[in-house]
Amino acid sequence: MANRITEKVLVQRLLLIINEGKREATYKLALLLALIDWCTTNSATNSPSRIQTHELAERVLALYWDQVLPYHPPKGRSALVLKQGNKPLILTTVAGLRKTAGNTASLTQTKRRYATEYQRAVRTIDRVLADQPIPRLQMVNQQKIPFLYDVNWEPKKGAAVVAKGNAHIDLLPGVRDGVAALGSLLRPIIERVWVSDLIERNKLDSEELLVHQHLFGSERRAFPPAARKALSGLQGGVCFYCQTRLTTKSHIDHFIPWSKYPNDAIENLVLACERCNSSKTDYLATPDLVARWLSHIKTHTTTLSAIADRTNLDSDADRTVRLAQGKYNELADGALLWKANRTLTQLTAVHRRQLVVLFR
């Protein structure tokens, strides 16, 4: 068995890949983010270390879902679709699916309503990833140095493997846990490099923030008023955290903070009073609040999905809960948790035991 890779080696080699020279496309960066997502949502002790490539293809499709829409630069210039590489098959595939579904449809709606077209797009993206980015991702200075996963085919041979129906990669020992733990550090670096690539490729100027918001969204996006009203109804018109009566100054809060992982699925959204929202900021909540949140999802699963459908939001309860579990698994002893009303407490062994039971 291969030696267990250390987080230090992972960081060093991933940074080499991220900071390499001119890229033909953003596909390697998309594959890295897809790997981070997979490792984060499969961080439980008994999770597998084998990834079916179609799982990565689905995550890459989700990454590009909003990126293929026109980018709106500052006033005085026309909207444009950003060029992302010399071989845009993944982008054109995603754009074609969006056109079929209607550009305002959420990915969740599209996956359900256009299942055949969605699966066809995933297969196309799967073949592209297997042909090039997957076997080439671990190339450092033109030399293949496996440090993330084992792959049993060569570049340009992956489509044939996908066609046989069992294309997969096996993560090396320590990679799943290491990538999950480093995800919060690596993701913003990858995003910044991605933005820089597109600014250069599209000859944009001083638009880093706008381009980043277009590519990866924003914590402060404007949610539909109907979603706010529906969440208020589910919560009985009170703050999710402190139970005080909500006012017009209430906020839609990401239970797992956007800075920990960008997830706009309806299951990750709760309505909070202004004081709790500004106090919680980027902290993860204490286990008692996690218990309340998980109960909220379980109790209102069908209703939350219906709200998402009506308001063009995404809905994925299973992934949202597993992302939360991954984020809590990352926490070091003594990490600060948000309790309520500007009160923080340190993560203890008791908290860890409670979290294990909650996410079981």
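All values derive from a computational prediction rather than experimental measurement.

Colleague: How should the overall build of the chain be read in this particular structure?
Modeller: Looking only at helices and strands, the chain features 16 helices and 10 strands. Its C-alpha radius of gyration of 21 Å places the chain within 12% of the 21 Å reference for a compact globule of 360 residues. Projected onto its principal axes, the C-alpha positions of the chain cover 60 × 55 × 40 Å. For the chain, the proportion of its 360 residues judged to be buried stands at 49%. A separation threshold of at least 6 residues defines the contact pool for the chain, and within that pool the share at least 24 residues apart is 72%.

Colleague: Would you mind going over the packing of aromatic side chains with me for this structure?
Modeller: Two descriptors summarise a pair of aromatic rings, namely the distance from one centre to the other and the angle between the planes of the rings. What the rule picks out here adds up to nine aromatic pairs. For the pair Tyr328 and Phe359, a centre-to-centre distance of 6.1 Å together with 40° between the ring planes defines the contact as tilted. Here Phe359 lies in the segment after α16 (349-358) and Tyr328 lies in helix α15 (residues 317-330), a separation of 31 residues in the sequence. Neither residue differs from the other here; Tyr328 and Phe359 are each classed as buried. Here a set of aromatic residues connected by ring pairs shows up, and it is made of Phe240, Tyr241, Phe255, Trp293 and Trp338. Positioned over the ring face of Tyr261 is Arg187, at 4.9 Å from the centre of the ring. The side chain of Lys280 reaches across the aromatic face of Phe255, ending 5.6 Å from its centre.

Colleague: Hey, could you run me through the nonpolar core in this one?
Modeller: In summary, soluble globular proteins display a tendency toward joint burial of nonpolar side chains. Leu61, Leu148 and Tyr149 are the most contacted members of the largest nonpolar core, which totals 68 residues. Put simply, the parts of the chain that give this core at least two residues each are α1 (7-18), α2 (27-41), α3 (53-64), α4 (89-101), α6 (115-131), β5 (168-171), α9 (175-201) and α10 (208-216). Considering every element that reaches this core, the biggest residue donor is α9, with 12 residues. Beyond its immediate stretch of four places on either side in the chain, Leu61 contacts Val94, Leu97, Leu107, Tyr118, Ala121, Val122 and Ile125. Membership of the second largest hydrophobic core comes to 38 residues, among which are Tyr241, Phe255, Val270 and Ala335.

Colleague: Where do I start with the layout of surface pockets in this structure?
Modeller: A water-sized probe rolled over the atoms picks out the places where empty space is left. The space that makes up the largest pocket amounts to roughly 1,600 Å³. As for the largest pocket, its lining consists of 46 residues, and the residues nearest its centre are Ala62, Trp65, Asp66, Leu107 and Asp314. Of all the secondary-structure elements, those providing two or more residues to the lining of the largest pocket are α2, α3, α5 (107-113), α10 and α15. Per element, the largest residue contribution to the lining of the largest pocket is six residues, and it comes from α3.

Colleague: Could you clarify how one ought to interpret the pairing of β5 in this entry?
Modeller: For a regular strand, the rule is simple: side chains alternate between the two faces of the sheet. Note: strand β1 (residues 50-52) against β5, three bridges, orientation antiparallel. Residue pairing for β5: Arg50 is matched across the bridge by Asp170.

Colleague: Explain the side chain of Gln138 here, please?
Modeller: In this structure, Gln138 sits in the loop between α7 (133-136) and β2 (139-140). Residue Gln138 is classed as buried on the basis of its relative accessible area, which comes to 1%. Among the polar contacts listed, one links the side chain of Gln138 to the backbone nitrogen of Leu148, at a separation of 2.7 Å. Among the polar contacts listed, one links the side chain of Gln138 to the backbone oxygen of Tyr149, at a separation of 3.0 Å.

Colleague: How should I be thinking about the environment of Ala340 in this particular structure?
Modeller: Along the chain, the position of Ala340 falls in strand β9 (residues 336-340). Taking relative accessible area as the criterion, Ala340 reaches 30% and is therefore assigned partly exposed. Spatially, the C-alpha atoms of Ala340 and Cys276 are 7.0 Å apart, while their sequence positions differ by 64 residues.

Colleague: What is the right way to read the sheet that holds β5 from this model?
Modeller: Strand-to-strand pairing in sheets goes through backbone hydrogen bonds, with the strands running parallel or antiparallel. Ordered in space as β1-β5-β4, the three strands form an open sheet in which the pairing is antiparallel. Of all the strands in the sheet, just β1 and β4 (149-150) have a single pairing partner and so form its edges.

Colleague: Help me understand α6 in this model?
Modeller: An α-helical segment advances 3.6 residues per turn. Residues three or four places apart therefore align on the same side. Look at α6: 24 Å from first C-alpha to last across 17 residues, which is about the 24 Å you get at 1.5 Å a residue. Within α6, burial applies to Tyr118, Ala121, Val122, Thr124, Ile125, Asp126, Val128, Leu129 and Ala130. Buried residues along α6 sit against α2, α3, α4, α5, α7 and α8 (158-164).

Colleague: Any chance you could explain the state of the cysteines here in plain terms?
Modeller: Each disulfide consists of a covalent bond between the sulfur atoms of two cysteine residues. Inspection of the entire model under this criterion finds zero disulfides. There is no disulfide at Cys242, and the cysteine sulfur nearest it, in Cys273, is 3.7 Å away. Exposure remark for Cys242: the relative accessible area of 25% places this residue in the partly exposed category.

Colleague: I keep staring at the side chain of His168 and nothing clicks. Help me out?
Modeller: Relative to the helices and strands, His168 resides in strand β5. Of the residues examined, His168 reaches a relative accessible area of 11% and is grouped as buried. In this structure the side chain of His168 is engaged in a polar contact, spanning 3.4 Å, whose partner is the side chain of Arg50. Polar side-chain contacts of His168 include one of 3.0 Å to the backbone oxygen of Asn166. Ignoring sequence-local partners within four residues, the contact set of His168 consists of Arg50, Ile51, Gln52, Thr53 and Trp153.

What counts and what doesn't
- Residues numbered from 1 in each chain as written.
- Predicted model: local features only at pLDDT ≥ 70, side-chain atom pairs only at ≥ 80, totals over all residues.
- Heavy atoms only, no water.
- Helix = DSSP H or I, 4+ residues; strand = E, 2+ residues; numbered from the N terminus.
- Rg over C-alpha atoms; globule rule 2.2 N^0.38 Å.
- Buried < 20%, exposed > 50% of the residue type's maximum accessible area, 1.4 Å probe, protein only.
- Contact = heavy atoms within 4.5 Å.
- Phe/Tyr/Trp six-rings, centres within 6.5 Å; stacked < 30°, edge-to-face > 60°.
- Lys NZ or Arg CZ within 6 Å of the ring centre and 35° of its normal.
- Core = buried A, V, L, I, M, F, W, Y, C linked by side-chain atoms within 4.5 Å.
- 1 Å grid on protein atoms, 1.4 Å probe; cavity = no way out; pocket = protein on both sides within 12 Å on 5 of 7 lines; lining within 4 Å.
- Points joined across faces, edges and corners; volume = space filled by probe spheres on them.
- Pairing = 2+ DSSP bridges.
- Polar contact = N/O pair within 3.5 Å; in protein donor to acceptor, adjacent residues only side chain to side chain.
- Expected span 1.5 Å × (residues − 1).
- Disulfide = S-S within 2.5 Å.

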